[in-house]
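Next come the chains, spelled out residue by residue.
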Amino acid sequence: MMMNICRLLMTIVCALMFSSALGSAQYTGSESCKDCHQKQFTDWRGSHHERAMDHATAESVRGDFNNISVTFDGKQNRFFRKGDQFWVNIADDQGQFNDYQVSYTFGFEPLQQYMVEFDGGRIQLIPFAWDTRPAAAGGQRWFYLHPEQSEPHHEFFWTNAGQNWNYMCADCHSTNVKKGFDSETKHYDTSYSEISVGCEACHGPASNHISRLNSNSSATSNPSLGFDRNLNKAVEQWTLEKGMTTASPVKIESSDQVLTCAQCHSRHVQIGEADPVATGNFGDRYRLTLIDQSHYYPDGQVYDEDYVYGSFLQSKMNANGVVCSNCHDPHSAKLVLPIEQVCTQCHQPKDYAVESHHHHPVDSAGAQCVNCHMPETTYMQVDDRRDHRWHLPKPAVSHQLSTPNVCLSCHKDKSSGWSLDHTMKWKSTKASADDKPFAPVFAASNQGYREAASALSHIAQNQNHSDIIRASAIARLAPFGDTNTLIAVARGAKHTSEYMRLAAAQGGVNLPAAERWRVLSPLLEDSVLAVRAEAVSSLMPLWAEFTLAQQGKLQPVLNEYFDIQMFNADRGFSHVNRGNMLMYQGDLEGAKKAYLQGIDIEQGFDAGHLYLAELYRRMGDEPSARQQLNIGQKQNPENGEFSYRLGLSEIRDKRYQAAETYLKSATQLSPDNARFHYVLGLALEKRTPKEAAGSLARAFQISQNPQHLYALCEMALRHQLEGGQACLQDLTKVVHGDVIENLRNKYPVR
C-alpha cells in the first residue's frame, strides 16, 4: 500500500511539474497546425479568414496597378508600380497629391482594400477599393469607397480616425493583436502573432496543445487537449417529433463556438484586451451594440453593419442551439451544403420546399429560403450581406413602419401596399399581421413617445422575446426614468444574461438618485467588465450627492472605467468620457484638459468641442464657450448642433436677431431635428408669431411630442392665429381634458 501511495504522490508531483512547465499558452502560428490537421489547413488556405490581411505582393494584390488613372470629383488618382512595390498617387487632407506605397492588402472578395503606413506606426486605408467581382458583374474596377465621406473634415476621410487600421480593423483582421497606443507620444506599436485570421484566432494559443500531444501520442484522439475552449456544436443529435415539421434538439450542450465567432462578427466597441472566450464573458473585451435606432430598424432588421451577432441573438436558431458551424464550415467559411440543403437539415423539405409554403414557382428565386428569410443589404457598395435574424416576412409591418419589405427586393416595380394585399390572400398569413410586437413599440420610442415606456417595460419582462430584444427594450427606457423603467431595470439588473445587465445599467441612467443607487450599485461588483463600466457611468452624475462610503464603492470601478478610456486614448470619445467623469467629481480643470486632449487626438470629433464649450459656459466664460463652438463648427460644417448652441449663446447675451440666424441655420443643416425647430419657434414668437407657429408645427410633425403640440396651440391662441381652435381639437387626443380647459380659460375666444 505504501508503494501505491508513493506512486500516486509521484504522479501528482509530475503532473504539477508538467502543468507548471507548460505555463500560459503561447501563439505558435498556423503553420504549426498543418502536419496534424492537413484537411482543415487546406480548407483554410485561400479562405476569407486567411486572406483577411496580407503584405502587398504580386500574389496577394488583386487590383490593377498598371499605371491606371481614376477620376474622382474631377481629379486624377493614379495606381502604379515601382518594381515589386505597389503605389498610389492620391490627395491628402490638405488637397495635395502625394505618392504613397501600399504596404498591405485588406480583404479578398467581393472587394479588396489597401493600406499605407505613416510615421508613428499609424496605418490607414486608402479611399479607393478594387472591385474583385467579374467584369460581367460590374467588377474589375477601382471605385471610391465612401464618396459621401470625401471631405477632410469627415470622420471617414482616408487619413482620419474612421479609416485607421490600428483602432478600427486590426483586432479582427489579424491574430492576437495588441494595439499598443502610447497616449504621450501618440504613436502606435501595434503587434500581432499572425497577419491574418489564423487557426489560433479561434482556437486560442496552441503551445500547450502541441506540448501535450508531443508528450503523449495517445492523446491525439482529443483534439481540444491543451486549449481553454470548447468549439464543438451545441447540439449533437436532433430529433423530429411526431406532428412537427422542424427538427428540435435532443439536448443543448454548452459550447464556446458562438462566443468565439462573435468576437469579430458583431458590432461593438473594444474596451480591453482580455480573452472573452477564456472568461466566458463577451463584455470583458467588448461592449456589444444592442438593437438601437442607429444600427437596426424597429422590427430588428439590420440597417447599419452589425456583422451578424446582433441579428443572430434575435433568432429562434440561437434559442434552439444552432451554432455557426451548423451552416458554415469554420475553416473554409463556405456553406457546409448547397444553399437550400443547409435549411432542410432541420426544416423538412416536404413541408417547406413546396409551393404551398413559399408561394412561388419551384426552383425560382422566390422559392429559395434565404431570399425571404435572410434578405440582403449591400454595404461598401458591392458587398451583399444576409440578415441572420431569419425573420418572417411581414408586409403589414413594413407598410406601417416603413421598414424594408423583403417582397420588394425582387418585385422592385411594386409597392408595399401591393405586397400587403397580395400576401393577405395566402391563407397562412391572414391570421396575424405581426408576430413581432416589439416593432411598433421600438418605432414609438425612436420618436420619443413617452407613452412607449409602459410597453417597453412589458417587452423587457416578457420571456417570449429573446434576451437581446428584452435588453434593447430596457436600454431604450433610459430617457424616461419612471416607475415602468424602475421595474424593468431592477429585474434586468438581476438577470443571468450579461446583455440584460448591461442594458439595465444603461436604462437606469435617469432614475431618481436613491432608486438609481439601490438598483445599479450591485452591478459595480458584476463579473463582467462592460457591465461594471456602464454602471459607474450611469451613477457618476450623482457623485456630489453620494456619501463618502458610496464614493468609495464607486472609485475602484471608476479606475477601471478610466483604464478603458486610456485603452482607447487614440480616439476623441475616450477623452470626452474621462472629462465627463472628472467634471462630475468637480475637477473642472482636469475635465478641461481631458476635452482638449480629445480635440488634439481627433480634431473633427464634434463632442469634444461641444462638451468643452459647455464646460466654459458652466465656468461663466461665455466668450470662450462661443469661441470653442465656432472652432467646432469649422471642423464640422454640416453639424447643426453648433449653430443651435451658438443660437442659445446669443439668447443668453440677449442678441435675439443673431440667435434667430443661428437657429435657422441649425434647422437647415438638420431639418429633421425637432428640438431645433421647437427652440427656433420660441425664439421667433415676439417678432413673427406666424413664422414661429410654423416652426412649432414642424417640430410636432417630426416628433409627435405632445409638448410641442401644446406649445403650438398655446402660441396660436395667445396671438389669435388662424387654426388655434383646430389645434386644440388635435391636442384633446393626447392630453387630459383639464389641460384643454385651462387653455380655453386662459385664452378665451374673442
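Residues numbered from 1 in each chain as written. Predicted model: local features only at pLDDT ≥ 70, side-chain atom pairs only at ≥ 80, totals over all residues. Heavy atoms only, no water.

1. Observations concerning unusual backbone geometry
Excluding glycine, a negative phi dihedral is what most residues carry, and trans is how most peptide bonds are arranged.
Phase 1 of the analysis: For the peptide bond that leads from E109 to P110, omega is 0°, which places it in the cis range.
Phase 2 of the analysis: The backbone phi angle of H359 is positive, close to 60°, even though this residue is not glycine.
Phase 3 of the analysis: Note that H359 resides in the loop between α13 (355-358) and α14 (369-373).
Phase 4 of the analysis: Exposure remark for H359: the relative accessible area of 25% places this residue in the partly exposed category.
Phase 5 of the analysis: We note that W390 has phi near 50°; this positive angle belongs to a residue other than glycine.
Phase 6 of the analysis: Judged by relative accessible area, which is 22%, W390 ranks as partly exposed. (Helix = DSSP H or I, 4+ residues; strand = E, 2+ residues; numbered from the N terminus. Buried < 20%, exposed > 50% of the residue type's maximum accessible area, 1.4 Å probe, protein only.)

2. Concerning the layout of surface pockets
Phase 1 of the analysis: Taken as a whole, the second largest pocket spans an internal volume of roughly 1200 Å³.
Phase 2 of the analysis: Around the second largest pocket, the lining is made up of 39 residues, and of these N160, A161, E602, Q603 and G604 lie nearest the centre.
Phase 3 of the analysis: Those elements giving two or more residues to the lining of the second largest pocket turn out to be β11 (187-188) and α27 (588-601).
Phase 4 of the analysis: Of the residues contributing to the lining of the second largest pocket, the split by class is eleven nonpolar, 16 polar and twelve charged. (1 Å grid on protein atoms, 1.4 Å probe; cavity = no way out; pocket = protein on both sides within 12 Å on 5 of 7 lines; lining within 4 Å. Points joined across faces, edges and corners; volume = space filled by probe spheres on them. Nonpolar A, V, L, I, M, F, W, Y, C, P; charged D, E, K, R; others polar.)

3. What about helix α32 (residues 674-684)?
Phase 1 of the analysis: Counted residue by residue, α32 has eight buried out of eleven residues, so it is predominantly covered.
Phase 2 of the analysis: Within α32, burial applies to A674, F676, H677, Y678, V679, L680, G681 and L684.
Phase 3 of the analysis: In this structure, the buried side of α32 is in contact with α30 (640-652), α31 (656-669), α33 (689-703) and α34 (706-718). (Contact = heavy atoms within 4.5 Å.)

4. Brief notes about the packing of aromatic side chains
Phase 1 of the analysis: One pass over the structure, following the stated rule, counts 28 aromatic pairs.
Phase 2 of the analysis: Ring geometry for F65 versus F79: centroids 6.1 Å apart, planes at 80°, classification edge-to-face. Of this pair, F65 sits in the loop between β1 (53-55) and β2 (68-72) while F79 sits in strand β3 (residues 75-82); the two residues are 14 residues apart in sequence, bridging distant segments of the chain.
Phase 3 of the analysis: When its relative accessible area of 2% is taken as the criterion, F65 is described as buried.
Phase 4 of the analysis: For F79, a relative accessible area of 0% puts it in the buried group.
Phase 5 of the analysis: Their ring planes at 85° and their centres at 5.5 Å tell us that F65 and Y114 sit as a pair that is edge-to-face. Taken together, the residues F65 in the loop between β1 and β2 and Y114 in strand β6 (residues 111-117) connect sequence positions 49 residues apart.
Phase 6 of the analysis: Grouped by ring-pair contacts, the aromatic residues F65, F72, F79, F86, Y114, F128, W130, W142 and Y144 constitute a single cluster.
Phase 7 of the analysis: Sitting over the ring of F567, K179 keeps its end group 4.3 Å from the ring centre.
Phase 8 of the analysis: It is R675 that lies over the ring of Y644; its NZ or CZ is 4.7 Å from the centre. (Phe/Tyr/Trp six-rings, centres within 6.5 Å; stacked < 30°, edge-to-face > 60°. Lys NZ or Arg CZ within 6 Å of the ring centre and 35° of its normal.)

5. As for the nonpolar core
Phase 1 of the analysis: Judged by nonpolar contacts, the single largest core of 80 residues is most densely connected at L288, L456, L524, V536 and L554.
Phase 2 of the analysis: Take this core: its biggest share by element is seven residues, from helix α24 (residues 529-539).
Phase 3 of the analysis: In this structure, L288 is in contact with S266, R267, H268, F282, Y309, L313, I468, Y499 and L502, ignoring residues within four places of it in sequence.
Phase 4 of the analysis: Judged by nonpolar contacts, the second largest core, of 25 residues, contains A693, L696, C713 and M715. (Core = buried A, V, L, I, M, F, W, Y, C linked by side-chain atoms within 4.5 Å.)

6. Here's the deal with the confidence of the model for the chain
Phase 1 of the analysis: Residues with a pLDDT of 70 or more make up 95% of the chain, whose mean pLDDT is 93.
Phase 2 of the analysis: Under a pLDDT of 50 for its full length, residues 1-21 has, in the predicted model, three contacts with residues more than four places off or in other chains.
Phase 3 of the analysis: Scored below 50 in pLDDT, residues 429-434 makes ten contacts in the model with residues more than four places away or belonging to other chains. (pLDDT = per-residue confidence, 0-100.)

7. Some thoughts on the environment of D84
Phase 1 of the analysis: Mapped onto the elements of the fold, D84 is located in the loop between β3 and β4 (85-91).
Phase 2 of the analysis: Take D84: its relative accessible area is 67%, and that puts it in the exposed class.
Phase 3 of the analysis: Distance in space between the C-alpha atoms of D84 and T57 is 7.2 Å, their sequence separation being 27 residues.

8. Concerning the state of the cysteines
Phase 1 of the analysis: Summed over the entire model, instances satisfying the criterion amount to one disulfide.
Phase 2 of the analysis: Across the disulfide, C713 is cross-linked to C727 (sulfur-sulfur distance 2.0 Å). What sets the handedness of the C713 and C727 disulfide is the S-S torsion sign, and at about -90° it is left-handed. Of this pair, C713 sits in helix α34 while C727 sits in helix α35 (residues 724-731), and the two are 14 residues apart along the sequence.
Phase 3 of the analysis: Relative accessible area serves as the criterion here: at 0%, C713 is assigned to the buried category.
Phase 4 of the analysis: Overall, C727 belongs to the buried group, its relative accessible area being 7%.
Phase 5 of the analysis: Cysteine C261 remains unbridged, with the sulfur of C324 as its closest cysteine sulfur at 3.6 Å.
Phase 6 of the analysis: According to the relative accessible area criterion, C261 is partly exposed, its value standing at 24%. (Disulfide = S-S within 2.5 Å.)

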